[in-house]
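Reading the structure
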Amino acid sequence: MRPNLRALLIRALGFLALAAIAAATASAQQNAPAPFILHQVGPGVWAAIDNPAAKSGRAGANAGFVIGTDSVLVIDTFENPAAAQVLLDQIRQKTKLPIRFVVNTHYHLDHVAGNNIFAAAGATILAQQNVRAWERTENKKFFGPKITTAQTQMVESLGLPSITYQDGVTLYLGSREVIVRSFPGHTGGDSVLFIPDANIVFTGDLFWCHMLPNLIDASTKPWVETLDLMIQHHPAATFVPGHGEVGHVQDVSDFRGYLSDLRADVGQSQSAGKSGDTLIDSVLPEIQQKYGTWDAFAYFAKPDIHYTDLELRGEKRIPQPPKN
Ligand SMILES: [Zn+2]
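Residues numbered from 1 in each chain as written. Predicted model: local features only at pLDDT ≥ 70, side-chain atom pairs only at ≥ 80, totals over all residues. Heavy atoms only, no water.

This part is about the coordination of the zinc ion. The coordination sphere of the zinc ion, as far as protein atoms go, consists of D110 (OD), H111 (NE2), D205 (OD) and H243 (NE2), spread over 2.0 to 2.3 Å. The coordination sphere of the zinc ion comprises four donor atoms, whose angles at the metal cover 86 to 162°; the geometry is irregular. When the donors of the zinc ion are listed by position in the chain, the intervening gaps give D-H-x93-D-x37-H. Taken as a pair, H111 in helix α3 (residues 109-112) and H243 in strand β12 (residues 238-243) lie far apart in primary sequence, 132 residues in all. Side by side, H111 and H243 carry an identical accessibility label, which is buried. (Donors = N, O, S within 2.8 Å, 3.2 Å for Na, K, Ca; no water. Tetrahedral: all angles 85-135°; square planar, octahedral: opposite > 155°, others 65-115°. Helix = DSSP H or I, 4+ residues; strand = E, 2+ residues; numbered from the N terminus. Buried < 20%, exposed > 50% of the residue type's maximum accessible area, 1.4 Å probe, protein only.)

The nonpolar side chains of soluble globular proteins are, as a tendency, buried together. Judged by nonpolar contacts, the single largest core of 34 residues is most densely connected at L212, W223, F255, Y258, L259 and I305. Mapped onto this core, the elements with two or more residues apiece are β10 (190-195), β11 (200-208), α7 (220-233), α8 (249-271), α9 (276-291) and α10 (297-313). In this structure, L212 is in contact with Y258, Y291, W294, D295, A296, F297, F300, A301 and D304, ignoring residues within four places of it in sequence. (Core = buried A, V, L, I, M, F, W, Y, C linked by side-chain atoms within 4.5 Å. Contact = heavy atoms within 4.5 Å.)

On to the layout of surface pockets, then. Taken as a whole, the largest pocket encloses approximately 930 Å³ of empty space. In terms of lining residues, the largest pocket is bounded by 34 residues, among which G60, D110, H243, Y299 and F300 are the most central. Sorting the residues of the lining of the largest pocket by element identifies β1 (36-42), β2 (45-50), α3, β11 and α10 as the ones contributing at least two each. The element contributing the most residues to the lining of the largest pocket is α10, with four residues. Counted by class, the lining of the largest pocket contains 16 nonpolar, ten polar and eight charged residues. (1 Å grid on protein atoms, 1.4 Å probe; cavity = no way out; pocket = protein on both sides within 12 Å on 5 of 7 lines; lining within 4 Å. Points joined across faces, edges and corners; volume = space filled by probe spheres on them. Nonpolar A, V, L, I, M, F, W, Y, C, P; charged D, E, K, R; others polar.)

To continue, consider unusual backbone geometry. The backbone phi angle of F78 is positive, close to 70°, even though this residue is not glycine. Its location among the elements puts F78 in the loop between β4 (72-75) and α2 (81-94).

Right, let's talk about empty space enclosed by the protein for a bit. Enumeration over the complete set of coordinates arrives at one cavity of 30 Å³ or more. Within this model, the largest cavity holds a volume of roughly 40 Å³. Taken together, N62, A63, I75, D76, F202, T203, G204, V240, P241 and G242 form the lining of the largest cavity. Breaking the lining of the largest cavity down by element, the ones donating at least two residues are β11 and β12. The class makeup of the residues in the lining of the largest cavity is five nonpolar, four polar and one charged.

So, about the pattern of salt bridges. This structure, assessed with the given rule, holds twelve salt bridges. With its nearest N and O atoms 2.7 Å apart, the salt bridge here joins K141 to E138. K141 sits in the partly exposed class, given a relative accessible area of 28%. Salt bridges here are not isolated pairs; linked through shared partners, they connect E138, K141, D217 and R317. (Salt bridge = Lys/Arg side-chain N within 4 Å of Asp/Glu carboxyl O.)

To continue, consider the environment of F36. When you line up the elements, F36 lands in strand β1. Residue F36 is classed as buried on the basis of its relative accessible area, which comes to 3%. Separated by 42 residues in the primary sequence, F36 and F78 have C-alpha atoms spaced 9.6 Å apart. Discounting residues that sit within four places of it in the chain, F36 has contacts with A48, I49, D50, N51, A59, F78, A83, V86, L87 and Q90.

In spatial order, the strands read β8-β9-β10-β11-β12; together these five strands make up an open sheet with mixed pairing. The sheet terminates laterally at β8 (168-173) and β12, the two strands that pair on one side only. Averaged over neighbouring strand pairs, the angle between their axes works out to 25° when direction is ignored. Direction of pairing for β10 relative to β11: antiparallel, over a ladder of three bridges. Its bridge partner lying in β11, I195 is registered against I200. Here α7 sits on the sheet in contact with β9 (176-183), β10, β11 and β12, set at roughly 160° to β11. (Pairing = 2+ DSSP bridges. Axes fitted to C-alpha atoms, helices over the stretch in contact; angles between N-to-C directions.)

With that settled, the discussion passes to α8. Between its terminal C-alpha atoms α8 stretches 33 Å, which fits the 33 Å expected from 23 residues at 1.5 Å a residue. A positive phi of about 85° marks G273, the residue just after α8. (Expected span 1.5 Å × (residues − 1).)

Below, the structure written as structure tokens:
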């Protein structure tokens, strides 16, 4: 039988077209901005800094990893599983050691959404005990009252830590030590990781580098005390924040200044009898004068003033630890 040349030609053209589409897709993926930018901050210690240029594909928060002598530890897993998969792939390019631990610095969605990716790769997820209690419940509030079924299902299927602690834990990646300690301020279930042999601190969202923070769950009084301890104990450390670029003690001190100025300005405005929108309008220019150039100012300045107003009045709702 003669081969049907026309059919063969169509099949060949179809194959070429598919190959062209595949190549174009791969090249688009290669040209798309990465969800995060990796920075080596010490020997075997990497910060993965959220890349705003990636727009909707961005990581949504910072993460990082530490390569020890027999295993790897990951700090946080971003806002979406796709970014977490890129992080996993990049770790795999640097080392074949097993990824033994993931530590979630707190329960917020932008730090835990890729947990399942790392759990599937064999990692054990650890966090302060309130992270496990709040991860699948409190995260729903970020979608507002119009949360969809798909969003609810997404939150309820987030990977939970399988090991929890109250005050902290010390982990060993072979001979490499990572000290994890819980501190109050940002949610009531936050952890800070310290790598002594490299003098690097991963702060989670207890430190935002020249960026206004999200105070939705915050208690700013103990938060300022937490920052004082960080500054006192690690004067020469490199600090990897939860959001913003890698910083040093002066940047942590600047951030402490923001929280304490906010508390002082809101307190003064309350003493002058102001409340609600009037209070926000009176505090905003004072905060803007000093912090108007920080990232996320337009996004967080008013909510920060509002939440601090509630906190100082003793009316703020914050997540409660589960009763045992
Ligand atoms: Zn965050």
